[in-house]
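# Examination of the molecular architecture
The chain contents come next:
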Amino acid sequence: MTLRMYDLAGADPARRFSPYCWRTRMALAMKGLPVETIPWRFTEKQVLGDLGCDKVPVLVDGDRVIADSWAIAEYLEQAYPDRPSLFGGPGGHALARFINAWGDAVLHAGLSRMVVADIAKVLAPEDAAYFRQSREARFGMALEAVQADRETKLEGFRQSLHPLRMVLRTQSFLGGDAPLYADAIIFGGFQWARCVSPLRLLAEDDPVEAWRQRMLDLHGGIARAAPGFD
């Protein structure tokens, strides 16, 4: 039975931009598991409510419904042990927890202040209105004010990636010679930005950019094929 995944989409149903959904898309691809992705939008609350969930990604595997990208990764590892490991063992699983937290606290926090106003531009009108209202309440200011002077913030964002850059100078992936779920976690943030914003986040000679290009090419280029701005 093919797995089903509810995946955040823009006005164009092919534009899938949630960083957490991309973590799951890449995890499924790493496992070699076929999945039917179902576009879901911010104002379609009842669709997820019927499944007992309130946010994407949501994975449906037979009679199992799993929400939250980290919970999904753990489920895939346990339910499909005969497939390639997402973590590479207990130690890799523990380290991926740190990467998960770092991605949310550092990477996503930095990215959101540079691309949040661009997100509204790829949404249908009713979703854009919801997104603007909810996010402006969260930030306490207009989305355009959050994103203002982003070019001046860019250098600080790039500096925040230095630990990542140090690792990727000497190996192809965070997982070493091949990607693990830790790579999917970080890639989800960059794919989020790629799908919603024309802002160029990384210099061409940055090892992180070389890694991002490798990630885009994985699994038949599923990430590169998604509508984006590069």
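Predicted model only: the values in this text are computed from it and were never measured.

## Things to note about the pairing of strand S4 (residues 64-67)
Pairing analysis gives 4 bridges linking strand S3 (residues 58-61) to S4, with the strands arranged antiparallel. In the strand pairing of S4, leucine 59 is matched with isoleucine 66. The loop that links S3 with its antiparallel partner S4 comprises 2 residues; one of these, glycine 62, has a positive phi angle of about 65 degrees.

## Section: the side chain of arginine 194
With respect to the element layout, arginine 194 can be found in helix H9 (residues 181-196). Taking the relative accessible area as the measure of exposure, arginine 194 reaches 6% and is therefore buried. There is a polar contact of 3.1 Å between the side chain of arginine 194 and the backbone oxygen of alanine 226. Those residues in contact with arginine 194, other than ones at most four positions away along the chain, are Arg212, Leu216, Ala223, Arg224, Ala226, Pro227, Gly228, Phe229 and Asp230.

## Thoughts on the environment of aspartate 149
When you line up the elements, aspartate 149 lands in the loop between helix H6 (143-147) and helix H7 (150-160). Residue classification places aspartate 149 among the exposed residues on the basis of a relative accessible area of 55%. Along the primary structure aspartate 149 and methionine 114 are separated by 35 residues, whereas in three dimensions their C-alpha atoms are 8.6 Å apart.

## What about the nonpolar core?
One finds Leu76, Phe190 and Leu201 to be the most contacted residues of the largest nonpolar core, which totals 74 residues. Those residues in contact with leucine 76, other than ones at most four positions away along the chain, are Leu3, Ala27, Leu28, Lys31, Leu33, Leu59 and Leu86.

## A few points about the pattern of salt bridges
On inspection of all chains with the given rule, the structure shows 13 salt bridges. For glutamate 74, the salt bridge is made with arginine 97, and the minimal N-O distance between the two is 3.3 Å. Residue glutamate 74 is located in helix H3 (residues 69-79), and its partner arginine 97 is located in helix H4 (residues 90-121); the two are separated by 23 residues in the primary sequence. On the basis of relative accessibility, which here comes to 46%, the residue arginine 97 falls in the partly exposed class. Of the charged contacts in the structure, one is a salt bridge between aspartate 118 and arginine 150, with a shortest N-O distance of 2.6 Å. Residue aspartate 118 is located in helix H4, and its partner arginine 150 is located in helix H7; the two are separated by 32 residues in the primary sequence. The pair formed by aspartate 118 and arginine 150 is uniform in burial state, with each residue classed as buried. In the salt-bridge network here, residues are joined through shared partners; they are Asp7, Arg16 and Arg25.

## A closer look at the sheet that holds S3
Taking strand neighbours across the sheet as the criterion, the 4 strands line up as S2-S1-S3-S4 in an open arrangement whose pairing is mixed. Either end of the sheet is taken by a strand with one partner, and the two such strands are strand S2 (35-40) and S4. This sheet shows a mean twist of 20 degrees between the axes of neighbouring strands, independent of strand direction. Where strand S1 (residues 3-8) lies against S3, 3 bridges are found, and the strand directions are antiparallel. Within S3, the position partnered with methionine 5 by the bridge is leucine 59. Along the sheet, helix H1 (residues 19-31) makes contact with S1, S2 and S3, crossing S1 at roughly 150 degrees.

## Here's the deal with helix H5 (residues 125-139)
Every α-helix carries 3.6 residues per turn, so stepping three or four residues along brings you back to the same face. Helix length check: H5 (15 residues) gives 21 Å between terminal C-alpha atoms against 21 Å at 1.5 Å per residue, within 8%. Within the span of H5, buried status applies to Asp127, Ala128, Phe131 and Arg135. Down the axis of H5, the smallest arc covering the buried residues is 95 degrees, so these residues share one side. Of the exposed residues in H5, those oriented more than 90 degrees away from the buried face are Pro125, Gln133 and Ala137. For H5, the elements touching its buried residues are H4 and H6. Glycine 140 lies just past H5 and shows a positive phi near 75 degrees.

Analysis parameters
Residues numbered from 1 in each chain as written. Predicted model: local features only at pLDDT ≥ 70, side-chain atom pairs only at ≥ 80, totals over all residues. Heavy atoms only, no water. Pairing = 2+ DSSP bridges. Helix = DSSP H or I, 4+ residues; strand = E, 2+ residues; numbered from the N terminus. Buried < 20%, exposed > 50% of the residue type's maximum accessible area, 1.4 Å probe, protein only. Polar contact = N/O pair within 3.5 Å; in protein donor to acceptor, adjacent residues only side chain to side chain. Contact = heavy atoms within 4.5 Å. Core = buried A, V, L, I, M, F, W, Y, C linked by side-chain atoms within 4.5 Å. Salt bridge = Lys/Arg side-chain N within 4 Å of Asp/Glu carboxyl O. Axes fitted to C-alpha atoms, helices over the stretch in contact; angles between N-to-C directions. Expected span 1.5 Å × (residues − 1). Arc of directions from axis to C-beta.

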